[in-house]
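Residues per chain, in single letters:
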There are 2 protein chains.
Amino acid sequence: MLTYSFENKGSDSLYEFLYKKIIEDILSGHLARDEKLPSKRALAKHLNISTITVENAYNQLMAEGYIYSKPKSGYYVSHISSPRLHTETVKPNYENEPEIIGEGACDIDLAMNSAAKDSFPFSVWTRLMREIMTDKSDLLTVNSPSVGIRELRCAISDYLFEFRGMRADPDCIIIGAGTEYLYSLIIQLLGRHKKYAVEDPGYRKIAQIYTANNVRFDYIPLDKNGVSTAALEKSKADVLHISPSHHFPTGKVTPVSRRYELLSWAEKSPDRYIIEDDYDSEFRFAGRPIPSLQSIDHGEKVIYINTFSKSLTSTIRISYMVLPKSLMALYKKELSFYSCTVSNFEQYTLAAFIEQGYFEKHINRMRNYYRTQRDELMEEIKKHPLFGRVQIKEEDAGLHFLMKVDTSLSDSQLIEKGKSKGINISCLSQYYKDESSADKHTLIINYSGLPKDDIKKAVQLLFETI
Amino acid sequence: MLTYSFENKGSDSLYEFLYKKIIEDILSGHLARDEKLPSKRALAKHLNISTITVENAYNQLMAEGYIYSKPKSGYYVSHISSPRLHTETVKPNYENEPEIIGEGACDIDLAMNSAAKDSFPFSVWTRLMREIMTDKSDLLTVNSPSVGIRELRCAISDYLFEFRGMRADPDCIIIGAGTEYLYSLIIQLLGRHKKYAVEDPGYRKIAQIYTANNVRFDYIPLDKNGVSTAALEKSKADVLHISPSHHFPTGKVTPVSRRYELLSWAEKSPDRYIIEDDYDSEFRFAGRPIPSLQSIDHGEKVIYINTFSKSLTSTIRISYMVLPKSLMALYKKELSFYSCTVSNFEQYTLAAFIEQGYFEKHINRMRNYYRTQRDELMEEIKKHPLFGRVQIKEEDAGLHFLMKVDTSLSDSQLIEKGKSKGINISCLSQYYKDESSADKHTLIINYSGLPKDDIKKAVQLLFETI
């Protein structure tokens, strides 16, 4: 009969230990298939344990299919093909490989366009969260609609009207965990058979997302007014993905004439759409915000998309899009089975944050902060003895500007040399599909994440590099 | 010269009003293309406003491309093709269409398998969140790695080892905003050209997600041991998507023999993988948890996936998957450009919640809660005079069981009749690709979201319906 010593059972209960021992015997072949197991009572007596213990072990073995029972006969070993022994019970040590977070060991990083650290209003956010936990705890466990909680969609609609002059029906807004996630929804909504078009140069992640989603896309070159409509027509693309209010990385604003041309292009076919990525429109320093393409779209052609990850902090993953009515109807029909990807906590907290005016205050504060940041950096650059070797471009908006430098180094040499000096820089040419067609020696200076105290040092290292 | 009355400017500043008026004149054609605008000084004098005001208006018009300047000559109207007037400035009223949340107006809902309300430990969660805001505010603004914050991945790894007997390297874990999002990552990772296989019957959303992502998939029928390997071979599928520890909706556990067969199937080709969706393994009432397929996989074939939306509250969107090492390497190479979809706040809070033992406590509490819930519901059913007409199946695990009823009504008649009585029920046949191949008259009783006080009423309505 099965004989086991319970001496080495460690922290296992008797039944768990017995269950594991029998599995070992089954997998190793000591117990053959269809072999009859001892009765519960007999085994209990033999091992000097209670019948209940054996019964628990047998029940678990039954539940997992290691043994089977025949009525009025007893328990038998199941047929298990190609088993392998799993004998490891000690927890492996995973601590060996420490993780490298971020982009390497550079002191100064002008290549990442992250939001300013320490700028996020933690105390207000925490207070609102606490209030919501108290006041709305019943709502917090009610599932959010697929498109997001109405309160947040209304707050966004109001904000867009007040500060962006946009008419966005809350019922046409979809909340999601980041713009990247929303892009994937758009692909599912518009269709994978469509051909997409991205800006060249442009934000590289967008092309990566279309690649990862296996959809066809073309790079459309920019002329001085933005995406070239001639190239767009030639590409036979259906869906154009652009940032007309502030192009990354050139900083260009698409003028209103080109905007109307692009809308006309879209209106020529029912398949055509424009995705307007308005990622940092809040941070324009001169004059009013540039009106969105969505606000002059009368043909239901523009999908407007924006994010709070840029304007609040990149570690809060909340973005949204405004769909034309017809596309929203399609979403409700085809895709509203998806759960909303943002937790209720954060949706309600953000809604309160906007409704109570904190978002507006935060944006104003950050706009001033970034303007000062830019001004101080610019002043430092202008003071430098080698200032004559650089030329600054497109500095009125967003969180970066371009700096054309007079140098004999290639762009990759510039980047390497920067690294060796402890400064991480990026070049315009890196954002072109074909580097050779790019303006050379043009650095993209992302200053939003640069600590104030590092400005002097950053400028010094910049000029040492070029 | 341009003449505007500033009387009706409302809340606009002088420059904004002037800017808008000039746009109106350009779009309506009152100002022709290439027409020269008055000089800033002349217009200021004419309108009796300051030159700065005109300059601001002209600058904004320049930025948006309505006008252009010629050096030493002045400002001219741009060429704008196909403009349309946008004259609406009053905010539209969106309040007309109140939104319907949820599944209709039924009193009792046994068709939704939501988590119990009021069960979420708000006070602990809020306290942890507050502590994290205080103690880790610097980390909260540091971007999470694409795969999620290491602290949370380590906490999950420890939990899986302690309570699931699984070896999951934290570096092979990916955090995401819900399993639905993780499915889309898996499709991008394994490839869209692959053929997927889902269980029939099965959780409908999985098929919907594959459909929305335009990938080919087959429904594989279940025999008494789970997914039929013969049908699987025949379908030529590459990737099998299953819930072996607790199938939805039948509640079946795939026995260990079939598990080894499925692993053997996967090992026959380098293209083959198994997605193990372990969605409610925490809520087994009898004996130990069923060991995961991942824990007996030695061929790097199993992608294990689980969620906290089921075990904590559905309104927290945090799920995770454990990839085989080789797939994790592929993820790092191809997809790690994606930002993590869960905010740092919630990742750190959940990590603390698990590390400090609250998750274990919560699971134990909920397991007891659901067991009591099931027992009370079962007792109420057994007490009913019509109990002889029903038969209960698969009640030891998860948050639902099956109830076969003796009735002359069709399944759709049952559902309709339930609705008319105020009880929302679902039938097993609804989860089959082909309803005709399903067991008829078998209700799925999802009791997890049923308030305790409604149990009597629910049973009464159930028996009135059948």
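Since the structure is predicted, the reported quantities are computational estimates derived from the model, not experimental observations. (Residues numbered from 1 in each chain as written. Chains lettered and ligands numbered in written order. Predicted model: local features only at pLDDT ≥ 70, side-chain atom pairs only at ≥ 80, totals over all residues. Heavy atoms only, no water.)

Caption draft 1: Summary view of the pairing of strand β5 (residues 196-200) of chain B. Residues and elements named next belong to chain B. Across the five residues that make up β5, a large majority, five, are buried. The alternating pattern of β5 places Tyr196, Val198 and Asp200 on one face and Ala197 and Glu199 on the opposite face, and all of these are buried. Sheet analysis places β5 next to strand β6 (residues 217-223), joined by five bridges and oriented parallel. Each residue of the ladder has a partner; that of Asp200, found in β6, is Pro221. Across three bridges, β5 lies against strand β8 (residues 239-242) in parallel orientation. Within β8, the residue paired with Val198 across the bridge is His241. (Buried < 20%, exposed > 50% of the residue type's maximum accessible area, 1.4 Å probe, protein only. Helix = DSSP H or I, 4+ residues; strand = E, 2+ residues; numbered from the N terminus. Pairing = 2+ DSSP bridges.)

Caption draft 2: Local environment of the sheet that holds strand β12 (residues 390-393) of chain B. Residues and elements named next belong to chain B. A sheet is described by the order of its strands in space; here four strands give the open sequence β12-β13-β16-β15, paired in antiparallel fashion. Across the chains shown, the open sheet's two edge strands, defined by having one partner strand only, are β12 and β15 (426-427). Here β15 pairs with strand β16 (residues 442-446) via two bridges, running antiparallel. Across the sheet, Ser426 pairs through a bridge with Ile444, a residue of β16. In the packing of helix α14 (residues 358-383) onto the sheet, contacts are made with β12, β13 (400-405) and β16, and the angle to β13 comes to roughly 10°. (Contact = heavy atoms within 4.5 Å. Axes fitted to C-alpha atoms, helices over the stretch in contact; angles between N-to-C directions.)

Caption draft 3: Spotlight on the environment of A:Asp218. Residue and element names in this part refer to chain A. Counting through the fold element by element, Asp218 comes out in strand β6 (residues 217-223). Under the relative-accessibility criterion, Asp218 is labelled partly exposed at 23%. If we skip the residues at most four places from it in the chain, Asp218 touches Lys195, Tyr196, Ala197, Val198 and Ser235. Among the polar contacts made by the side chain of Asp218, one reaches the side chain of Lys195 at a distance of 3.0 Å. (Polar contact = N/O pair within 3.5 Å; in protein donor to acceptor, adjacent residues only side chain to side chain.)

Caption draft 4: Focus on the interface of chain A and chain B. Opposite the 100 residues of chain A that make contact, chain B presents 99 residues. Counting the contacts that link chain A with chain B gives zero salt bridges. On the surface where chain A and chain B come into contact, there are 20 residue pairs in polar contact (both at pLDDT 80 or more). Classifying every residue of the side of chain A that touches chain B gives 45 nonpolar, 29 polar and 26 charged. (Salt bridge = Lys/Arg side-chain N within 4 Å of Asp/Glu carboxyl O. Nonpolar A, V, L, I, M, F, W, Y, C, P; charged D, E, K, R; others polar.)

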